[in-house]
Amino acid sequence: MNLTRRQMLCASVGAAAAGVFGFSLSASATPEATAESIKNFAGGKEPAMGGDLTLNTPEIAENGNTVPVEVSVASPMTDDDYVESVVIYAEGNPNPDVAVFHFTPMSGVAEAKTRMRLAKTQNVVAVAKTNKGKVFMDKKEVKVTIGGCGG
Amino acid sequence: MDNIKPRVKVPKSASAGEVITIKTLINHPMESGLRKGKDGNLIPRQIINKFTCEFNGKPVFSCELEPAISANPYIEFSAKVTEAGTFKFSWLDDDGSVYETENKIAIK
């Protein structure tokens, strides 16, 4: 391979451009998309951070295919004061939605556990809504060693 | 789909007013629709998109699932038992199938 300096330059610029372009094309949710979904879920309100909602995830997930996730909300869970729904988002997945849990006073406590897929190291966000329209959220970073979204 | 078998763990009995934990698991590939097969084409999405739990016909808990839920979805939640009765669990598949199972609980 005999490349002139000019050809070299062209090639490297092209490669860099492809890299940038490729990245912008890759299907990945952004924190902005997540924020948008949260806004829709919360009905335009700004969710208060922390409070009664606890999101439990491992700090480091070796395998992104099954990451245990647990949400619990401190609530009396009576007929007039209960947690209606809790939604989980993964900011860095191709699609930020993970799951929506719907509780009723018959649930006793607002707690649920499941296992999710994470494509890469990212923030996981949980937002809870009570029947009175109170909204609060919790956020955790999960480090993922092997991503779990195929592709 | 065939060979889908839901598994549920509910205590056999509870005292009135007790909050019990229910564990559910169903074997399902939860194909996300983002994976490519050997021929290079995308494998179409097929997941369980909804799970519901009813006690004596009243809703207790339900959950909408997205492709970001792991294969063989495991869901754990709680229920308050005030009377003897039957828990009915159903899983809804993207292809329209519904997988159901029931569990009875007695009062101590």
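Residues numbered from 1 in each chain as written. Chains lettered and ligands numbered in written order. Predicted model: local features only at pLDDT ≥ 70, side-chain atom pairs only at ≥ 80, totals over all residues.

Remarks on the overall build of chain B
So, step 1. Looking only at helices and strands, one finds 0 helices and 8 strands in chain B.
So, step 2. Considering only C-alpha atoms, chain B reaches an extent of 55 × 20 × 20 Å along its principal axes.
So, step 3. Sorting the 108 residues of chain B into buried and exposed places 29% on the buried side.
So, step 4. Long-range contacts, defined here as pairs at least 24 residues apart, represent 55% of the contacts in chain B between residues at least 6 apart. (Helix = DSSP H or I, 4+ residues; strand = E, 2+ residues; numbered from the N terminus. Buried ≥ 20, exposed ≤ 12 C-beta atoms within 10 Å, placed from the backbone. Contact = placed C-beta atoms within 7 Å.)

Details of the environment of Lys-45 of chain A
Residue and element names in this part refer to chain A.
So, step 1. Summarising the element assignment, Lys-45 is placed in the loop between α2 (31-42) and β1 (48-49).
So, step 2. According to the C-beta neighbour criterion, Lys-45 is partly exposed, with 14 such atoms within 10 Å.
So, step 3. Between the C-alpha atoms of Lys-45 and Val-135, which are 90 residues apart in sequence, the distance is 7.5 Å.

A word on the interface of chain B and chain A
So, step 1. On the side of chain A, 28 residues touch chain B, which itself brings 27 residues to the contact.
So, step 2. Breaking the side of chain B that touches chain A down by element, the ones donating at least two residues are β5 (58-65) and β6 (74-81) of chain B.
So, step 3. Top element by residues in the side of chain B that touches chain A is β5 of chain B. It accounts for 8 residues.
So, step 4. A per-class count over the side of chain B that touches chain A returns 16 nonpolar, 4 polar and 7 charged.
So, step 5. With 5 bridges joining them, strand β6 (residues 97-103) of chain A and β5 of chain B adopt antiparallel strand pairing. Along β5 of chain B, the bridge assignment pairs Val-100 of chain A with Glu-64 of chain B. (Nonpolar A, V, L, I, M, F, W, Y, C, P; charged D, E, K, R; others polar. Pairing = 2+ DSSP bridges.)

Some thoughts on α2 of chain A
So, step 1. Between its first and last C-alpha, α2 of chain A extends 16 Å over 12 residues, near the 16 Å set by a 1.5 Å rise per residue.
So, step 2. Immediately downstream of α2 of chain A, the backbone of Gly-43 of chain A shows phi near 70°, a positive value. (Expected span 1.5 Å × (residues − 1).)

Brief notes about the confidence of the model for chain A
So, step 1. Model confidence for chain A is summarised by a mean pLDDT of 81, while 78% of its residues fall at 70 or above.
So, step 2. Contacts from residues 16-26 of chain A, a stretch scored under 50 in pLDDT, to residues over four places away or in other chains number 0 contacts. (pLDDT = per-residue confidence, 0-100.)

A word on the pairing of β6 of chain A
Regular strands show a simple pattern: their side chains alternate between the two faces of the sheet.
All names here are of chain A.
So, step 1. The buried count for β6 comes to 5 of 7 residues, which makes it a mostly enclosed element.
So, step 2. As paired strands, strand β5 (residues 83-90) and β6 are joined by 5 bridges and run antiparallel to one another. Looking at the pairing, Val-87 lines up with Val-100 of β6.
So, step 3. Between β5 and β6, which follow one another and run antiparallel, lie 6 residues.

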